[in-house]
Amino acid sequence: MHSGRSLIAIARELNELGVPVPRDRHAQLQGRPTGGHRHGRDFERFRWTSGTLSKVLRSPSLMGHRTHGGTTVLDATGVPVLIGTPLLSDAEFEALQVALAARSNGTRRPRSRTTALLTGVAVCGGCGGRMYFAARKGYSYGDYMCRATARGDVCPAPAGVRADWLERYVLDCHHRETGRSAPATREELLRDGVRVTVAKGRRGGGPARTDGPDTSRLFFTIAERTGEPQSG
């Protein structure tokens with residue numbers, strides 16, 4: 001942290017070194033297989049992300065404390081219950097928290113339930129991971145973006161597309177496939193098994209870039225039925 005490296009960079013290095021995340025390390029100690037199923041994908045082992053790393057660095061367990069719900073468990077006299085050899089002294093842990101707080105600069109806030117229509121529906125064609133909504137400062141619309149770096153991955157072709165365009169494309173395709181007249185909700189899209197895969201866009205494109213999405217890089221599927229990419 002004091003070297004100025006980002007949590008994303010550190011998480012990427014941990015993945016490259018093959019260091020197991022706490023969940024996988026616990027599985028190893030219990031003699032169970034690592035990895036599992038997450039976000040519709042199977043993993044042989046889970047990867048470090050900036051969020052996972054931040055959670056570990058903020059945990060009092062680094063001082064050897066037993067924790068519950070992320071906080072230290074105290075005995076009857078108010079003294080922390082110890083479960084192992086501390087990795088950091090109390091002073092070192094406090095200094096780490098100060099450094100983390102300075103990095104977050106007040107940007108950490110409780111996670112809220114997503115309201116983006118295509119969360120869990122839109123996936124990046126480069127890595128197969130979920131795409132997430134990102135607001136554009138100063139604009140009335142946002143974008144769906146590949147978030148491989150947040151998962152500790154490196155996407156070979158990260159995709160991004162204007163959100164309102166992609167949502168309209170998916171709703172139009174869904175209407176044609178199902179014949180329903182009312183716009184679908186996120187829950188309905190997920191229930192119907194809708195997915196849209198977005199390939200990375202090309203630079204340039206001329207004035208047509210402002211007219212709407214390049215549908216040749218969008219691939220819509222629903223349940224067992226597949227819709228071919230539509231030309232713009």
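Residues numbered from 1 in each chain as written. Predicted model: local features only at pLDDT ≥ 70, side-chain atom pairs only at ≥ 80, totals over all residues. Heavy atoms only, no water.

Can you tell me about the packing of aromatic side chains, naming the residues and giving the values?
Within this structure, the stated rule accounts for three aromatic pairs. For the ring pair Phe43 and Phe46, a centre distance of 6.0 Å and an interplane angle of 40 degrees mean the geometry is tilted. Looking at Phe43, the relative accessible area reads 24%, which means it is partly exposed. For Phe46, a relative accessible area of 3% puts it in the buried group. Over the aromatic face of Tyr139 sits the side chain of Arg136, whose NZ or CZ is 5.6 Å from the ring centroid. Sitting above the plane of the Tyr141 ring, Arg162 keeps its charged end 3.6 Å from the centroid. (Phe/Tyr/Trp six-rings, centres within 6.5 Å; stacked < 30°, edge-to-face > 60°. Buried < 20%, exposed > 50% of the residue type's maximum accessible area, 1.4 Å probe, protein only. Lys NZ or Arg CZ within 6 Å of the ring centre and 35° of its normal.)

So what's going on with the side chain of Arg186? Which residues, and what values?
Relative to the helices and strands, Arg186 is located in helix H6 (residues 186–191). At 4.4 Å, Glu187 is the nearest oppositely charged side chain to Arg186, a buried residue that forms no salt bridge. (Helix = DSSP H or I, 4+ residues; strand = E, 2+ residues; numbered from the N terminus. Lys, Arg positive; Asp, Glu negative; His and termini not counted. Salt bridge = Lys/Arg side-chain N within 4 Å of Asp/Glu carboxyl O.)

Quick one: what's the story with the pattern of salt bridges, residue by residue and with numbers?
For the coordinates displayed, the defined rule picks out four salt bridges. For the salt bridge of Asp143 with Arg136, the shortest nitrogen-to-oxygen distance reads 2.5 Å. A residue is classified by how much of its surface remains accessible, and Asp143, at 10% relative accessible area, is buried. Relative accessible area serves as the criterion here: at 33%, Arg136 is assigned to the partly exposed category. A salt bridge links Asp192 to Arg180; the shortest N-O distance between them is 2.8 Å. Here Asp192, found in the loop between H6 and strand E9 (194–198), pairs with Arg180, found in the loop between helix H5 (163–178) and H6; they are twelve residues apart in sequence, far enough to count as distant.

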